[in-house]
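Chain by chain, the residues run as shown.
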Amino acid sequence: MVNKLLCKEQDSLLRTLQIINENARGVVFVTNEDKKMIGLVTDGDIRRLLLDGVQLDEQIGAHVNRKFAFARNTDNVQDIARKLDDRVKIIPILDQSDQVIDFYEIGNKSYVPVAAPSLKGNEFKYLTDALLSTWISSKGKYINRLENEFSEYCGTQYGIAVSNGTVAIHLALVALNVGPGDEVIIPDLTFAATINAVLHCGATPVIVDIDEDTWCIDPAKIQKALTSKTKAIIPVHVYGTPCDMGAIMSIAQDKGLYVIEDCAEAHGAEFEGKKVGSFGDISTFSFFANKIITCGEGGICLTNNSELDKRLRKLRDHGMNTSKRYWHDEVGYNYRMTNLQASIGVAQLERIDEILERRNEIKGQYQTIYQNCKEVVFQNKPKYDSKTVVWLVCALIEGKDRDEMIEHYKSEGVELRPFFYPLSAMEIYAKYAPEPCPVTEKISQKGINFPTYNELEKKHFNAIEKVLK
Ligand SMILES: Cc1ncc(COP(=O)(O)O)c(C=O)c1O
């Protein structure tokens, strides 16, 4: 197709006009004898040249516009898309020797990212209110509201808002006195924040494999990984699917272990009619911008234990004594959330049901698009009684090269995301996996996430369907 947009510098104005007429793009990219692009000419340029008396048989080379927007074949689609606007509707894509290898145009290639926050409720109103109140640091009504309302939503007594989901896990571990000499069991399929938090508190992570159907930590593998040093388990409700909390809590109770639920990807999910986040000693959530609800950056710890609530609050605020200001009982952290962040979170929480419903609908739309495509396999619901939420729509790619598919969609302006790599596959973490994790390895290689956000429109689904075809 790109050939239809090319002409040579020796071509006449007439020939150039014919090429423009055939390609119906209103433009040609002009190349020299080395096939390097030297400039471009639009149909408007030719009209002006003719009005100025230039003859139709003159060579176009003398009249090209040598200052033109272009992209390189190494640029990512998002950066390329940014170069287009109302004026520049089509740009050439050049390789390192300035030869035209492709082009990018407005209209048929709108960029569809994998995630985008939906901020169409009271987010702006509450944020402005927080700003005008001048309570822009870590005190203010929105912090209290977020802590109370989110813990109530999840069915727990206490909520401690923090600056992000990673420090929420770290704070939880420290509050439970997990440290050097202790082992903490975690799944192989998770975002690195889970393992990093364990390492940051000086404990030893023990990576175990996931369940083939739920992609969550496999309770049988937890059993196998227990040692006399095991102090805690961090189940991760990955991609919105609740872990088998019945089995996990029973192991923990049996062995006297702490459970920290990492719910960063599963706001609103349920196990046996109870919200995730209400099972563990402490649970943690992330409110990063790609999460189900967001504060921009932010997180929260939930607990039903009043002593842990106090400890988490104190550690969040430099270990400062709560009744004697500037008196420090232990070495703590500044892990506080700002009132500005919380104001967005409160507005998001007002819309969580609507957001979750929309995400379900989106999953349904993908299932319809790919219903006749046996290579795209969606996850079944867990066998246990649970309510899965859609963080990012997931599927496994069977019998096709997953990475090739991602590249192909990317070239068409649609972002698909591969699943997390197994932690155990990375050099810095591999030594923490006592046993191989073949299930994670398999799922990780096949898994993709589809664009999942409230504002996905028909035109986006049409674009995705077009790529599929
Ligand atoms: C499973 C999991 N845990 C923890 C985190 C960390 O959250 P944050 O990015 O807010 O630090 C994330 C988020 O990316 C996550 O997906």
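Scroll up for the structure.
Rules used in this analysis
- Residues numbered from 1 in each chain as written.
- Predicted model: local features only at pLDDT ≥ 70, side-chain atom pairs only at ≥ 80, totals over all residues.
- Heavy atoms only, no water.
- Helix = DSSP H or I, 4+ residues; strand = E, 2+ residues; numbered from the N terminus.
- Buried < 20%, exposed > 50% of the residue type's maximum accessible area, 1.4 Å probe, protein only.
- Pairing = 2+ DSSP bridges.
- Phe/Tyr/Trp six-rings, centres within 6.5 Å; stacked < 30°, edge-to-face > 60°.
- Lys NZ or Arg CZ within 6 Å of the ring centre and 35° of its normal.
- Axes fitted to C-alpha atoms, helices over the stretch in contact; angles between N-to-C directions.
- Parallel < 35°, antiparallel > 145°, perpendicular 65-115°, else oblique.
- Left-handed = near helix turned anticlockwise from the far one by under 90°.
- Contact = heavy atoms within 4.5 Å.
- Nonpolar A, V, L, I, M, F, W, Y, C, P; charged D, E, K, R; others polar.
- Near = heavy atom within 4 Å.
- Polar contact = N/O pair within 3.5 Å; in protein donor to acceptor, adjacent residues only side chain to side chain.
- Areas by Shrake-Rupley, 256 points an atom, 1.4 Å probe, with all protein chains shown as cover.

This part takes up unusual backbone geometry. Backbone geometry places Tyr239, a non-glycine residue, at a positive phi of 50 degrees. One can find Tyr239 in the loop between strand S10 (230-233) and helix H9 (245-255). Even without a glycine there, the phi angle at Tyr326 is positive, about 65 degrees. Tracing the sequence through the fold places Tyr326 in the loop between helix H10 (306-316) and helix H11 (339-350). Classification of Tyr326 as exposed rests on a relative accessible area of 59%.

Strands sit in the order S13-S12-S17 across an open sheet of three strands; the sheet is antiparallel. The open sheet has two edge strands, strand S13 (274-275) and strand S17 (386-387), and neither has a second partner. Both strand S12 (residues 270-271) and S17 contribute to a ladder of two bridges, which runs antiparallel. Counterpart to Glu270 in the pairing with S17 is Lys387.

Let us look at the packing of aromatic side chains. The final tally for this structure, using the stated rule, is 17 aromatic pairs. For the cation-ring pair, Lys274 lies above Phe279, with the distance from its terminal atom to the ring centre recorded as 4.6 Å. The ring centre of Tyr153 lies 4.5 Å from the NZ or CZ of Lys275, which sits over that ring.

Looking now at the packing of helix H1 (residues 13-23) against helix H2 (residues 43-51). Angle between the axes and distance between the axes: these two values describe a pair of packed helices. Contact geometry of H1 with H2 gives a least axis separation of 10 Å together with a crossing angle of 150 degrees. Our classification of the angle between H1 and H2 gives roughly antiparallel. Between H1 and H2 lies a crossing whose hand is left-handed. Residue-level inspection shows Leu13, Thr16, Leu17 and Ile20 of H1 in contact with H2, the latter providing Asp43, Ile46, Leu49 and Leu50. A class-by-class count of the residues in the contact of H1 with H2 yields six nonpolar, one polar and one charged.

Let us look at the site of the ligand. Neighbouring residues of the ligand: 15 residues in total, closest Gly165, Thr166, Asp262, Glu265 and Ser286. Contact distances for the ligand include 2.7 Å between an oxygen atom and a side-chain N or O atom of Ser286. For the ligand, an oxygen atom lies 2.8 Å from a polar atom in the side chain of Lys291. Expressed as a share of its isolated accessible area of 390 Å², the protein-covered part of the ligand is 92%. For the shell around the ligand, the elements supplying multiple residues, two or more each, are helix H6 (165-175) and helix H7 (193-200). Ranked by residue count, the leading element in the shell around the ligand is H6, at three residues. Within the shell around the ligand, the residues separate by chemical class into five nonpolar, seven polar and three charged.

Structurally, Tyr142 can be placed in helix H5 (residues 141-154). Residues Tyr142 and Ala342, 200 residues apart in the sequence, show an inter-C-alpha distance of 5.3 Å. With residues near it in sequence (within four places) discarded, Tyr142 still touches Tyr126, Asp129, Ala130, Asn339, Ala342, Ser343 and Val346. Side-chain polar atoms of Tyr142 contact the side chain of Asp129, separated by 2.6 Å.

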